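The lines below spell out each chain.
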Amino acid sequence: MPSLPVIQPEDVAKAARSRPGGAFDAPDMDENGVRYDTLLRLGDDSLILGQRLGEWCGHAPSVEVDLSLANMGLDLIGQATHFLNAAGECEGKGRDGDRLAFHRDVLDFRCCWLVEQPNGDFAQTISRQFLFSTWQKMLFDHLTASKDESIAAVAAKAVKEVAYHAELSAEWVIRLGDGTEESRRRMIDGLDWNWRFVPELFEMDAVATEAAERGIGADVTAFRADYDARIASVLAEATLDAPPNQRPILGGRRGHHSEHLGHILAPMQFLPRTYPDAKW
Amino acid sequence: MVSAALRLDDVEQALWAVLESVPDPEIPVVSVVDLGIIRAVTPDRVTITPTYTGCPATQVIERDIRDALDAAGFRRVAIETTLSPPWTTDWISDAGKAKLKAYGIAPPLAAGERAVECPQCGSTQTEEISRFGSTPCKAQWRCRDCLEPFDLFKCH
């Protein structure tokens, strides 16, 4: 079995310089650094979930489900394009959204764990979408008031689309949960898989706190109660109990990811990294 | 001075005429002007806005507009994209809505409207089949009277 590379003296030196908390490359906490990291978090969430949904294309249980998953994926990729282009401009090193999406390594991604999770069966995909889109809708509602013009513009543009994602996935949670014995079992399993990644959505680490204080990011804890209420009401309609709370898994925002992310990036990045100058 | 101002107006009018000849790549019966994508026209700049964030036609639309401007001799007119304020289906012109309906696509409902009219027979006995249709901007509906399925341009 391959093991991690040997720890070199420069790694030790780098670790000694890093902040407590274990971040590999902690962002600069000045205005630009916070803005860049905030844009990456938003863009990477949308990019990775959009790519995940794209894996369903041609495989969904029916044509209309296939279309809805692909269309949601397209919306998310559209958001990612705007956020990552803005991140590239903010960084000022000549990288655009494509460069950030296709030429960054896994540890430099800032998405949450929920969006990396495998599609599993349709119920697992839908439970992930429901938990994420419900959150993203509330987040974008808040971000329309961001002092950062590009974040506010994308949020205002995308919030209507995300409202659709949240509604569609909630309808499916209800239909499957309150459906047959088989669909119910699968929806319970799907929720069970994704539930432990919800606390990360509401984590306020140093960057998120700084972004909220500067008025460019949102204080996600402000809508935690609304989120919990919405999830509980849909689950009640689906005749499902909320899964028991498990140990939360955190770290995506600081570059610590599940093993799944690398496997998403491999097919997504292979072509542009192998032929960096290829054009359509 | 008067003649210079007139000439600028003429340029803007000529630009609008060119833009009116550029069809939407997905729904070619409506122009980019009908759809409300064109936000502003000045003698040196055309400002456009995307319909849906993930609309794959956005890049094609920009290229088509570029080609049309170039072909009409407006090579130096720049195209600028703006997200804000976000596009809404309210910006589709009345002429555009009529063209959509004639093409078999139910136009988006105006504020206060509830019933979706079948673009084939005009009945309001209609129902949604699927929230997502052939493109992100359309839903699939069905008429319970003439039984024809049709696309509804979703309110956005």
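None of these values were measured; they are calculated from a predicted model. (Residues numbered from 1 in each chain as written. Chains lettered and ligands numbered in written order. Predicted model: local features only at pLDDT ≥ 70, side-chain atom pairs only at ≥ 80, totals over all residues.)

Novice: Go over the overall build of chain B, please, and point to the residues and values.
Specialist: If you tally the helices and strands in chain B, you get three helices and seven strands. If you list the helices and strands of chain B from N to C, you get α-β-β-α-β-α-β-β-β-β. Expressed along its principal axes, the backbone C-alpha trace of chain B runs to roughly 60 × 30 × 25 Å. The buried share of chain B, reckoned over its 156 residues, is 35%. Here the analysis covers contacts within chain B between residues at least 6 apart in sequence; of these, 53% occur between residues at least 24 apart. (Helix = DSSP H or I, 4+ residues; strand = E, 2+ residues; numbered from the N terminus. Buried ≥ 20, exposed ≤ 12 C-beta atoms within 10 Å, placed from the backbone. Contact = placed C-beta atoms within 7 Å.)

Novice: Kindly report on the interface of chain B and chain A, identifying the contributing residues and their values.
Specialist: Facing the 12 residues of chain B at the interface are 19 residues of chain A. For the side of chain B that touches chain A, the per-class residue count stands at six nonpolar, five polar and one charged. (Nonpolar A, V, L, I, M, F, W, Y, C, P; charged D, E, K, R; others polar.)

Novice: Help me get a handle on the nonpolar core, residues and values and all.
Specialist: Among the nonpolar cores identified, the biggest contains 69 residues, and A:Leu39, A:Phe83, A:Ala87, A:Leu114 and A:Val173 are the most heavily contacted of them. A:Ala87 has contacts with A:Tyr36, A:Leu39, A:Leu40, A:Gly43 and A:Leu100, leaving out every residue within four places of it along the chain. (Core = buried A, V, L, I, M, F, W, Y, C linked by C-beta atoms within 7 Å.)

Novice: Now, about the sheet that holds strand β5 (residues 126–130) of chain B: what can you tell me, with residues and values included?
Specialist: Residues and elements named next belong to chain B. Reading across from one edge, β4-β7-β6-β5 is the order of the four strands in this open sheet, with mixed pairing throughout. Each end of this open sheet is capped by a strand with a single partner; those strands are β4 (105–106) and β5. Sheet topology note: the strand β6 (residues 138–143)/strand β7 (residues 149–153) ladder contains five bridges and is antiparallel. Bridged to Lys138 within β7 is Phe153. (Pairing = 2+ DSSP bridges.)

Novice: Please give an account of the pairing of strand β1 (residues 38–42) of chain B that cites residues and values.
Specialist: All names here are of chain B. Alignment of β1 against strand β2 (residues 45–48), held across four bridges, turns out to be antiparallel. Residue pairing across strands places Ala40 opposite Thr47, the latter belonging to β2. Linking β1 to β2, which pair antiparallel, is a turn of two residues.

Novice: Account for the pairing of β6(B), naming residues and giving values.
Specialist: Residues and elements named next belong to chain B. The pairing of β5 with β6 spans four bridges and is antiparallel. In the sheet register, Ser130 faces β6, and the bridge partner there is Gln140. Linking two consecutive strands that pair antiparallel, namely β6 and β7, is a turn of five residues; a positive phi of about 70° is found at Leu147 within it.

Novice: Give me the lowdown on the packing of helix α7 (residues 149–177) of chain A against helix α8 (residues 181–194) of chain A, citing residues and values where you can.
Specialist: Residues and elements named next belong to chain A. At their nearest, the axes of α7 and α8 sit 7 Å apart, and the two run at 130° to each other. Looking at the two axes, α7 sits oblique to α8. Residues Val173, Leu176 and Gly177 of α7 touch α8, and the partners they reach there are Ser183, Arg184, Arg186 and Met187. Of the residues that constitute the contact of α7 with α8, the class distribution is three nonpolar, two polar and two charged. (Axes fitted to C-alpha atoms, helices over the stretch in contact; angles between N-to-C directions. Parallel < 35°, antiparallel > 145°, perpendicular 65-115°, else oblique.)

Novice: Could you give an account of helix α10 (residues 206–213) of chain A, with specific residues and numbers?
Specialist: Residues and elements named next belong to chain A. Listing the buried residues of α10 in full gives Val207, Ala208, Glu210, Ala211 and Ala212. Its buried side turned inward, α10 meets α2 (31–54). The positive-phi residue at the C-terminal boundary of α10 is Gly215, with phi of around 80°.

Novice: Which residues make up the domain arrangement of chain B, and what values go with them?
Specialist: Residues and elements named next belong to chain B. Under the domain assignment used here, chain B contains domain 1 (2–87) and domain 2 (94–153). Relative placement of domain 1 and domain 2: their C-alpha centres are 27 Å apart. Listed per partner, the contact involves 10 residues of domain 1 and nine residues of domain 2. Of the residues that constitute the side of domain 1 that touches domain 2, the class distribution is six nonpolar, two polar and two charged. (Domains from an automatic or database assignment.)

Novice: Please provide a residue-by-residue account of the environment of A:Gly190, values included.
Specialist: Residues and elements named next belong to chain A. You can see Gly190 is positioned in helix α8. For the pair Gly190 and Gln124, spaced 66 residues apart in sequence, the C-alpha to C-alpha distance is 3.8 Å. Contacts of Gly190, omitting those with residues within four sequence positions, involve Gly120, Ala123, Gln124, Ile126 and Ser127.

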